[in-house]
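# Structural characterization, general
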Amino acid sequence: MFARARVVEVGAAGWSSSGGRGGSGYIVAPGLVLTAAHVIGGAAGCTIRPMAPADSPGTSAEPVWVSAELDAALLRYDGALPADLRHTRWGRLTGQDSAVPAHCSVVGFVRADDENGDSARDTQGLAGRINPNTGVFDGHYEIELDRVPPQVGGRGLGRWRGLSGSAVFCGDVVAGLVTRAPRRWSSTRLQALPVWRLLEVPGFRDLLADAAGRPVPTSESVELQSLYERPPHPPRSPSYLLDARQALTPFHGRDAELSELLAWCLDPESRAQPVQLVTGPGGWGKTRLAVELIRVLGSMRTGEGPWSQPGWITGFLAEHGPQDPEEHRKFFTGAFPTLIVVDYAEARQEQVHGLLRTFLAHHGDPQVRILLLARSAGAWWEQLRSDIDLARVGICARRPLELTEPLGSDSHGLEERYESVAGPLAEHLASLPAGPSRRYTPPTLKVEALAALAARPRPCRTYLELHVNVLGALLRSLDARGNTVPVSETPEDVVIWHEWKYWKAALDEAELHISPARMRQAVAVQALLSPTTGTEAVSTLARLLRYPLPVRDGDECPRLERVLADFYPPSDLARWGSMHPHVVTARLLAIVDREAPGFLHRVLTGESDRQRLSGIRKLLRAGDSEPLLANTLRHGVIGHPDLLLDPVLHAVGETGDPQNWLTSLGQQARATGNADIAAAADRKARALRSIAWLTPGNEEFAASVQRLIDESFLRLDGDTSRDQDDADVGDEWDDVQDHDEEEGHDDDE
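Now for a look at the structure at hand. (Residues numbered from 1 in each chain as written. Predicted model: local features only at pLDDT ≥ 70, side-chain atom pairs only at ≥ 80, totals over all residues. Heavy atoms only, no water.)

### Examining the sheet that holds strand β18 (residues 313–316)
Threshold: In this scheme, strands are said to pair when DSSP sees at least two bridges between them. Labels follow the DSSP assignment, with helices taken as runs of H or I lasting at least four residues and strands as runs of E lasting at least two, numbered in each case from the N terminus. Residue contacts are defined here by distance: any two heavy atoms, one from each residue, within 4.5 Å place the two residues in contact. Throughout, an axis means a line fitted to C-alpha atoms (over the contacting stretch in the case of helices), and angles, computed between N-to-C directions, take values from 0 to 180 degrees.
Strand order in the open sheet made by the five strands is β18-β19-β20-β15-β21, with parallel pairing throughout. Unpaired on one side and paired on the other, β18 and β21 (401–402) mark the two borders of the sheet. Two strands pair when backbone bridges link them, and strand β19 (residues 338–342) and strand β20 (residues 368–374) are joined in this way by five bridges, in the parallel orientation. Note on β20: the bridge partner recorded for I340 is I370. Of the strands in this sheet, β15 (275–279), β19, β20 and β21 touch helix α4 (residues 255–266), which is tilted by about 145° from β20. Where helix α7 (residues 349–361) meets the sheet, it contacts β15, β19 and β20, and its direction lies at approximately 165° from that of β20.

### Section: the sheet that holds strand β5 (residues 59–67)
Sheet architecture is closed into a barrel: six strands sit in the order β1-β2-β3-β6-β5-β4, paired in antiparallel fashion. Strand-to-strand twist of the sheet, defined as the mean angle between neighbouring strand axes without regard to direction, takes the value 40°. In this structure, β5 lies alongside strand β6 (residues 72–77), joined through six bridges in antiparallel fashion. Its bridge partner being in β6, S67 is matched across the sheet by A72.

### A few points about the packing of aromatic side chains
As a reminder, the rule being used: Any Phe, Tyr or Trp ring, taking Trp's six-membered ring, that has another such ring centre within 6.5 Å forms a pair; planes under 30 degrees apart are called stacked, those over 60 apart edge-to-face, and the others tilted. Here the term buried applies to any residue with accessible area under 20% of the maximum for its type, exposed to any over 50%, and partly exposed to those in between, with areas from a 1.4 Å probe on protein chains only. Note on geometry: a ring has a charge over it if NZ (lysine) or CZ (arginine) is within 6 Å of the ring centre and within 35 degrees of the ring normal.
As enumerated under the stated definition, the model contains eleven aromatic pairs in all. Centre to centre, the rings of Y26 and F169 are 5.3 Å apart; their planes meet at 70°, and the pair counts as edge-to-face. With Y26 in strand β2 (residues 22–29) and F169 in strand β11 (residues 167–170), this residue pair connects regions lying 143 residues apart in the sequence. For the pair formed by Y26 and F169, the shared burial category is buried. A centroid spacing of 5.5 Å and a plane angle of 70° characterise the contact between F332 and F359, whose relative ring orientation is edge-to-face. Of the two residues, F332 sits in the loop between α6 (325–328) and β19 while F359 sits in helix α7, which places them 27 residues apart along the sequence. Among the residues examined, F332 registers a relative accessible area of 5% and is labelled buried. Through a chain of ring-to-ring contacts, the aromatic side chains of Y228, F331, F332 and F359 assemble into a single cluster. One cation-aromatic arrangement involves R92 over F336; the distance from NZ or CZ to the ring centre is 4.8 Å.

### Concerning the nonpolar core
Here is the rule we go by: Within this scheme, the nonpolar core is defined by two criteria: the residues are buried Ala, Val, Leu, Ile, Met, Phe, Trp, Tyr or Cys, and they are joined through side-chain atoms within 4.5 Å.
Counting residues in each nonpolar core, the largest one holds 101 residues, and the members touching the most others are W503, M519, L541 and L560. Of all the elements, helix α11 (residues 463–482) adds the most residues to this core, at ten residues. Those residues in contact with M519 that sit more than four places away from it in its chain are W500, W503, L507, I514, L560 and L564.

### Brief notes about the packing of helix α19 (residues 627–639) against helix α21 (residues 658–671)
Here is the rule we go by: Convention used here: angles under 35 degrees read as roughly parallel, angles over 145 as roughly antiparallel, angles from 65 to 115 as roughly perpendicular, and any remaining angle as oblique. It is the rotation of the near helix from the far one that decides the hand of a crossing: anticlockwise by less than a right angle makes it left-handed, clockwise makes it right-handed. In the scheme used here, Gly and all other residues not listed as nonpolar or charged are polar, with Ala, Val, Leu, Ile, Met, Phe, Trp, Tyr, Cys and Pro taken as nonpolar and Asp, Glu, Lys and Arg as charged.
Between α19 and α21, the shortest axis-to-axis distance is 10 Å and the interhelical angle comes to 50°. Here α19 is positioned oblique relative to α21, judged by the angle of their axes. Here the hand of the crossing between α19 and α21 comes out right-handed. Facing α19, whose interface residues are A630, N631, L633, R634, H635, V637 and I638, α21 presents W661, S664, L665, Q668 and A669. Taken together, the residues of the contact of α19 with α21 break down into seven nonpolar, four polar and one charged.

### Describing the pattern of salt bridges
Which entries qualify depends on this criterion: Think of a salt bridge as a Lys or Arg side-chain nitrogen and an Asp or Glu carboxyl oxygen that are within 4 Å of each other.
The final tally for this structure, using the stated rule, is 27 salt bridges. Between R254 and E257 there is a salt bridge, with its nearest N and O atoms 3.1 Å apart. Neither residue differs from the other here; R254 and E257 are each classed as buried. Between R575 and E561 there is a salt bridge, with its nearest N and O atoms 2.7 Å apart. With R575 in the loop between α15 (556–567) and α16 (582–595) and E561 in helix α15, this pair connects stretches of sequence that are 14 residues apart. Given the relative accessible area of 27%, R575 is considered partly exposed. For E561, a relative accessible area of 2% puts it in the buried group.

### Overview of the pairing of strand β3 (residues 32–35)
The alternating pattern of β3 places L32 and L34 and V33 and T35 on opposite faces, both of which are buried. In terms of strand pairing, β2 meets β3 through four bridges, oriented antiparallel. Of the residues in β3, the one forming a bridge with I27 is V33. In sequence, β2 turns back onto β3 through a hairpin of two residues, with G31 there showing a positive phi of about 85°. Of the strand pairs in this sheet, β3 and β6 are connected by four bridges, and their pairing is antiparallel. The residue of β6 that forms the bridge with T35 is A73.

### Topic: the pairing of strand β12 (residues 173–180)
Most of β12 is tucked away, with seven of its eight residues classed as buried. Sheet topology places β11 next to β12; four bridges connect them, and they run antiparallel. Counterpart to C170 in the pairing with β12 is V173. Where β11 folds back on β12, the antiparallel hairpin that results is connected by two residues, among which G171 adopts a positive phi of roughly 65°. Here β12 runs beside strand β13 (residues 189–194); their pairing, made up of four bridges, is antiparallel. Residue pairing in the sheet places L177 in a bridge with L193 of β13.

### A few points about unusual backbone geometry
With omega at -5°, the peptide bond leading from L549 into P550 counts as cis. In this fold, P550 is placed in the loop between α14 (534–544) and α15. With an omega dihedral of -5°, the bond running from H580 to P581 counts as a cis peptide bond. Residue position: P581 is located in the loop between α15 and α16. Of note in the backbone geometry, D71 takes a positive phi value of approximately 60° without being a glycine. Tracing the backbone shows D71 in the loop between β5 and β6. The exposure class assigned to D71 is buried, which follows from its relative accessible area of 17%. Of note in the backbone geometry, E511 takes a positive phi value of approximately 60° without being a glycine. With respect to the helices and strands, the residue E511 is situated in the loop between α12 (491–509) and α13 (516–528). Look at E511 and you get exposed, because its relative accessible area is 61%.

Here's what the structure looks like:
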């Protein structure tokens with residue numbers, strides 16, 4: 001995201017505000033400025049001065065990487081320059097539709113002559129467009145400026161003296177580096193180096209990674225940046241280290257599945273079946289598998305020699321992104337093969353339906369693959385196949401890839417797995433802001449944690465449990481050193497206890513005094529609900545935490561909301577993100593439910609229909625690892641049927657085992673004298689069974705029809721020996737009709 005404090009003026013030897021060699025630059029990582037190589041002209045040192053605040057003094061800098069061929073340089077500086085330390089996002093143009101150019105902006109320092117002929121430097125902001133089909137052979141972007149301001153005298157480069165080295169922003173990503181203004185266009189265009197070419201240079205990437213303390217993400221698609229989720233934010237607390245999207249530990253255990261998915265992506269014959277569903281319970285590695293697939297495809301290239309560039313465009317579909325089919329159309333009109341990953345697809349049926357309809361409307365682009373991740377292939381999947389594939393030719397016909405249990409109950413090889421995870425997690429734990437002091441070195445933490453795990457082995461059946469156990473042991477090791485071990489039974493409790501330390505640092509920085517229990521409630525609200533604006537988020541927080549109304553800007557409530565939004569930032573256009581992974585979030589919700597009975601009911605019953613459904617879905621998922629939360633939700637339905645019954649019945653079909661959940665709801669409803677709720681639960685259970693049995697892909701149904709046909713032909717041949725079987729088939733057909741009627745009753749409901 002653009003920040004004024006990161007725009008700098010760059011001056012080489014002999015530079016001053018009124019003369020000498022100079023240009024512009026942009027702080028792309030802590031201590032590193034990106035600029036054009038010709039701006040410093042081979043000088044061993046230079047001076048930089050930030051745009052904001054305006055009275056900032058100059059600071060010395062030196063080039064640490066220079067490419068005359070690319071006309072780019074990185075400058076390192078020391079000192080207290082103000083800088084937004086959010087990681088820089090890099091982008092590249094991937095479209096091929098000249099009718100939809102990419103809008104861009106440039107901010108830098110320009111030297112201009114006034115009417116008296118005196119030269120002075122000031123900031124200049126420009127807006128323009130980049131056509132993806134212009135300048136392809138030259139290897140540069142041509143920025144067609146929307147408006148060229150008048151200038152006394154000068155032409156070509158003279159008009160834009162000092163703008164070289166400016167970053168070119170397309171939305172929130174840096175897509176280019178201004179290098180020159182071609183004279184042939186009379187200053188109506190600027191030329192920029194695509195930054196993806198810089199990211200191809202190992203030395204450049206290494207310097208960025210060292211400064212940022214993490215690997216440099218690949219360049220994003222400029223055109224698709226609002227449709228895909230943003231790259232993961234740098235870790236701020238221990239829970240971040242467990243997020244599969246961070247990919248902080250080596251990928252292992254799913255090589256066969258990865259190979260199968262790669263073959264599906266790369267095989268031209270797969271274009272007829274571009275949709276692949278991957279299923280497995282939470283923690284089994286679905287998201288991590290998709291992240292690895294994204295990494296491998298992203299490393300592939302297209303073209304040869306000087307025309308070679310990154311090939312595949314990949315990412316997770318943003319849940320809170322544009323839903324307009326015209327926006328989704330961009331997925332299917334690009335110049336590169338594209339992978340779209342949809343996590344929690346079972347809870348995003350409307351969005352998936354819209355995406356597939358747009359795909360079909362564009363004649364099924366052969367370069368696009370759509371990967372759906374879900375906990376199970378239940379009624380939602382059969383409904384999707386029915387809606388999409390009965391109207392078209394089987395794009396969802398590919399058999400779901402069902403993940404097998406990752407580790408099982410066998411402890412063989414567990415020590416080696418712990419070893420492979422403990423090292424990376426210890427390194428990243430030590431590098432967290434306000435993390436362990438230097439005397440607690442990662443190797444020492446690793447040794448102590450592995451010893452503790454060997455002395456007190458815990459069940460470990462999934463990859464997520466493996467990581468949670470290791471991180472819990474590492475954090476316990478820190479506690480033991482500081483004699484602050486909490487009374488806790490699970491690694492999830494240890495992680496949450498340590499999260500409070502990082503929450504406390506953020507609260508102190510904002511000068512807020514919030515108790516641990518109140519902060520846990522605030523984070524629970526953030527985990528369940530998804531407000532789209534800051535105003536909605538503040539209103540939600542004020543109601544649930546019972547802040548006095550009206551809320552004003554300087555009050556505690558909006559300040560706390562900003563802390564939440566910054567600590568767990570969203571990956572898309574929502575206002576809030578959430579703590580990860582789901583087992584830690586579920587544990588937090590269980591703690592809040594125990595500390596404040598009824599609070600979760602209040603969260604679900606007081607919001608909009610959209611927010612309520614979002615919270616119900618997340619609480620249903622949390623119930624998989626914290627069964628008491630499922631009971632809390634069922635009690636909420638019985639206590640508030642007018643608000644919760646319909647959305648719960650809608651969402652429960654997305655879970656892995658809706659029948660048991662509905663059976664328990666019916667039993668509790670009958671026990672409390674709520675016959676209407678029990679009847680509704682029973683009808684929903686029957687309807688879900690009907691959908692599963694009547695799907696066109698159901699083998700039992702297909703076999704029944706086949707037997708009916710076969711036996712009809714046998715009767716034509718005079719064979720009457722199978723009358724009883726005919727009666728059985730007739731009974732089966734009656735069953736089909738009964739199921740259909742049951743499903744119809746549910747629709748009437």
